[in-house]
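# Structural features, examined
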Amino acid sequence: MTITSTRPWGMTRMKPPLEAVTLPWVAAELDETTQLATYRDADGHAVDTVTCGTFVTVTTSKPHDGSGNASPVADDSNTDQK
Amino acid sequence: MVITCMDDVTANPVIAASNERGSRVARVDPADIGPDLTFSAQIGADQVGWTGSLRTLTRDVALEDVQAVYYRRPSPWRFHELPPQEREFAKSEARHGLDGMLAALPRCRYVNRPAAVERAEVKPAQLQVAAEVGFDVPATLITNDPGAVREFAAKHAPIVYKSFRGVPAAPGGEVAAIWTQRIDPADVDESVRLTAHLFQAEVPKTSDARVTVVGSRVFASEITALDGTLDWRRDDWDRLVHTPIEVPAPIKVAMRFYLRRFALAFGCFDFALTGSGTDRQRTFLGCNPNGQWAWLPDAPAIAAALADTLLEG
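Residues numbered from 1 in each chain as written. Chains lettered and ligands numbered in written order. Predicted model: local features only at pLDDT ≥ 70, side-chain atom pairs only at ≥ 80, totals over all residues.

### Observations regarding the packing of helix 4 (residues 123–133) of chain B against helix 6 (residues 249–261) of chain B
All names here are of chain B. For clarity, the threshold we go by: Note on geometry: axes are lines fitted to C-alpha atoms, helical ones only across the stretch in contact, with angles between N-to-C directions running from 0 to 180 degrees. Strands here mean DSSP runs of E at least two residues long; helices mean DSSP runs of H or I at least four residues long; both are numbered from the N terminus. We call two directions roughly parallel when the angle between them is under 35 degrees, roughly antiparallel when it is over 145, roughly perpendicular when it lies between 65 and 115, and oblique otherwise. Here a crossing is called left-handed whenever its near helix is offset anticlockwise from the far helix by less than a right angle, and right-handed whenever the offset is clockwise. Each residue is represented by a C-beta atom placed from its backbone, and any two residues with such atoms within 7 Å are regarded as in contact. Ten residues, namely Ala, Val, Leu, Ile, Met, Phe, Trp, Tyr, Cys and Pro, are considered nonpolar, four, namely Asp, Glu, Lys and Arg, are considered charged, and the remaining ones, Gly among them, are considered polar.
Relative orientation of the contacting elements helix 4 and helix 6 amounts to 140°, with a least axis distance of 9 Å. Judged by the angle between their axes, helix 4 and helix 6 are oblique. Crossing geometry of helix 4 relative to helix 6 is assigned as right-handed. Contacts from Val129, Ala130 and Val133 of helix 4 reach helix 6 at Ala254, Phe257, Tyr258 and Arg261. In terms of residue class, the contact of helix 4 with helix 6 is made up of 6 nonpolar, no polar and 1 charged.

Written out as structure tokens, the structure reads:
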């Protein structure tokens, strides 16, 4: 038997691409003493990642390869990206 | 040692809690290997455990002194400047030589061991162990046979489809999601034959429970989606209501057995809740061995429990 489709059925259940999430910071730096990452917005102000719920509450995040803002991936369904 | 990327905001509270407990923390992203991350380690001759050093831009760590590793979300390997074959070689050598080294440190506690996470992420293994430790598991079919899907649907409708993993990025970098969703068996066609597919009887749930287990500590929230979405992860997060809930002792025992079977110190369990009061049923949906937890109301306590588990076991 030949299968004419080249797209596995599961992919027909896919939702349209997720919108790119703009991170609330443009720069991240590591504090040498505490080893905490600190984040700054375009104006150089520190971003409070604990209370800026918009970022920690999403289950999606950009592929964290340092490639800048990008489409997010669903964190609780990891892709085999590594 | 906290193994994660710079953009991982969730590692911060665990690092802060570890600092408060007087430990010296090194935040390490193995993908930095190169001038920004140099390591060298030896074993054999008179050495029975790996000894050596790992140097980042801000820390110089003696590998034999590492007592605990919190393995979170390291970046994917980069090597963008290398040609394709060289890049693949560099990646696999780094995966074995550096990641492998950091996973094999002697006398070191891990939350979690990457190999344990890898095993525990596989859904057929999750469902097998869940059934063995006594959780209610929904009727589940994994197949590439469309006829089997139709038969399963005839018996268990309504049914849902779940992918095992996320969708790989499209060539342009766009990422799409496949959320858990109810399906019409009439839509199932021959393209099911191309690969493995997972179908499950839909649980007529009224809400979900996310139970985060850290060592022997249990943090449980009931999650109610105001618009009744099947998969709360797709919901608008402002419209989710979190309520602290008690976890019955038999469920706690089953979770402990489950985590022990996979050699995990940390796991995020998802249950579908049906019924209420004494009739409440909890159906196992999955356990993410590296799940997110920072959005939960219990986040500060979870961070503290992670630090305690890392430092004391």
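### Notes on unusual backbone geometry
Residues and elements named next belong to chain B. Quick note on the threshold: Exposed residues have 12 or fewer other C-beta atoms within 10 Å of their own C-beta, buried residues have 20 or more, and residues in between are partly exposed; the C-beta atoms are placed from the backbone.
Here the residue pair Val111 and Asn112 is connected by a cis peptide bond, since its omega of -15° sits within 30 degrees of zero. With a phi close to 55°, Ala45 is a non-glycine residue in the positive phi region. With respect to the helices, strands and loops of the structure, Ala45 is situated in the loop between strand 3 (38–44) and strand 4 (47–55). On the basis of neighbour count, Ala45 is assigned to the exposed category, with 6 C-beta atoms found within 10 Å.

### Topic: the nonpolar core
Formally: To count as a nonpolar core, a set of buried Ala, Val, Leu, Ile, Met, Phe, Trp, Tyr and Cys residues must be joined through C-beta atoms within 7 Å.
Membership of the largest hydrophobic core comes to 64 residues, with the highest contact counts inside it found for Val2, Val14, Tyr70 and Leu306 of chain B. With 9 residues, the next largest nonpolar core counts Trp9 of chain A together with Phe152, Tyr161 and Phe199 of chain B among its residues.

### Regarding the confidence of the model for chain B
Short version of the rule: Along the chain, pLDDT gives the predictor's confidence residue by residue, from 0 to 100.
Per-residue confidence for chain B averages 93 on the pLDDT scale, and 98% of its residues sit at or above 70. For this predicted complex, the interface score ipTM comes out at 0.86, alongside a pTM of 0.89.

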